Amino acid sequence: MLSPAMIDRLNEQINLEIYSSHLYLQMSSWCAHKALEGSALFLGQHADEEMMHMRRLLGYLNETGALVIIKGMEAPPSDFNSLTEMFEKIYSHEQLVTSKINDLVHLANTEPDYSTLQFLQWYVAEQHQEEFLFKSVLDKIKLIGTEGQGLFFIDQEIAKLAANSTALETTTMNAGGAA
Ligand code: OFO
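The model shown is predicted, which means the values in this text are computed figures rather than measured ones.

Undergrad: Mind showing me how you'd approach the overall build of the protein here?
TA: Along its length, the protein carries 5 helices and 0 strands. Reading the protein from its N end, one meets helices and strands in the order α-α-α-α-α. Its C-alpha radius of gyration of 17 Å places the protein within 12% of the 16 Å reference for a compact globule of 179 residues. A total of 179 residues make up the protein; the buried ones form 42% of that total. When contacts within the protein are restricted to residue pairs at least 6 apart in sequence, those whose partners lie at least 24 apart make up 81%. Accessible area for the protein stands at about 9,800 Å²; split by element, carbon and sulfur atoms hold 56% of it.

Undergrad: I would appreciate a short explanation of the side chain of His53 in the present structure.
TA: Tracing the chain through its elements places His53 in helix α2 (residues 37-63). Ignoring sequence-local partners within four residues, the contact set of His53 consists of Glu17, Trp122, Tyr123, Glu126 and Glu130.

Undergrad: Teacher, can you tell me more about the packing of α2 against helix α3 (residues 83-110) here?
TA: How two helices pack is summed up by the angle between their axes together with the distance between the axes. α3 packs onto α2 with a crossing angle of 20 degrees between their chain directions and a minimal axis gap of 13 Å. Compared by their axis directions, α2 and α3 come out roughly parallel. In this structure, α2 meets α3 at a crossing whose hand is left-handed. Along its contact with α2, which presents Ser39, Phe42, Leu43, His46 and Glu50, the element α3 presents Leu83, Met86, Phe87, Ile90 and Glu94. For the contact of α2 with α3, the per-class residue count stands at 6 nonpolar, 2 polar and 2 charged.

Undergrad: Would you explain a nonpolar patch on the surface in this entry?
TA: There is a patch of nonpolar side chains on the surface, built from Leu143, Ile144, Phe152 and Phe153 and spanning about 440 Å² of accessible area. Counting residues per element, the ones that place at least two in the nonpolar patch are α4 (114-144) and α5 (150-174). As for its placement among the helices and strands, Leu143 is situated in helix α4. The exposed category is assigned to Leu143, whose relative accessible area is 75%.

Undergrad: Can you walk me through the pattern of salt bridges in this structure?
TA: Side-chain pairing between opposite charges can occur once the charged atoms of the two side chains come close. Inspection of every chain in the model, using the stated rule, returns 3 salt bridges. Put simply, Lys135 and Asp139 hold a salt bridge, and the shortest N to O gap is 3.2 Å. With Lys135 and Asp139 both in helix α4 and 4 residues apart, the pair spans about one turn of that helix. In this structure Asp139 comes out as partly exposed when scored by relative accessible area, which is 35%. The residue Glu157 makes a salt bridge to Lys160 at a minimum N-O spacing of 2.8 Å. Taken together, the residues span about one helical turn, with Glu157 and Lys160 both in helix α5 at a distance of 3 residues. In this structure Glu157 comes out as partly exposed when scored by relative accessible area, which is 23%.

Criteria and thresholds
Residues numbered from 1 in each chain as written. Predicted model: local features only at pLDDT ≥ 70, side-chain atom pairs only at ≥ 80, totals over all residues. Heavy atoms only, no water. Helix = DSSP H or I, 4+ residues; strand = E, 2+ residues; numbered from the N terminus. Rg over C-alpha atoms; globule rule 2.2 N^0.38 Å. Buried < 20%, exposed > 50% of the residue type's maximum accessible area, 1.4 Å probe, protein only. Contact = heavy atoms within 4.5 Å. Areas by Shrake-Rupley, 256 points an atom, 1.4 Å probe, with all protein chains shown as cover. Axes fitted to C-alpha atoms, helices over the stretch in contact; angles between N-to-C directions. Parallel < 35°, antiparallel > 145°, perpendicular 65-115°, else oblique. Left-handed = near helix turned anticlockwise from the far one by under 90°. Nonpolar A, V, L, I, M, F, W, Y, C, P; charged D, E, K, R; others polar. Patch = residues over 30% accessible without salt bridge, like charges linked within 9 Å, V, L, I, M, F, W, Y side chains within 5 Å. Salt bridge = Lys/Arg side-chain N within 4 Å of Asp/Glu carboxyl O.

Taken by themselves, the reported measurements are silent on function.
Below, the structure is given as structure tokens:
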């Protein structure tokens, strides 16, 4: 059984994951609009991943008998000055998500709530991977540059990340593992 404070905080996290999905879906559409097809594919996949993060939390709360509350949420930004600015926003959004997961871990540790503490370990590892992923995209953008054909080559590199992510998902599904 979860404390009311923990139920509130897990519900907040559910709504943040939905916002993350909306944000990346919107960014994916901006990229498609700018003919950045690799980035559009990559971010569309990432929007789906965020919904999977949300569903994992929702399933956990449902199992405890707590009620999940889906709230109305603000619209994500829909215009960006550049691909670089967009990925900088993503990186800082993921850092925000990490800080929220850390707060949740702190709450679970201090209550103490060992079941939720164990459940949250997946999110701790996932946030490490997500920050690493988006930092590596920013590093690639810096390395290649966006002048001339740079933007085209960056988009191709990001398309490879989308392909890797699809391959990884297929392997996980074939192995019968939880995504
Ligand atoms: Fe991008 O990790 Fe969930 O929010």
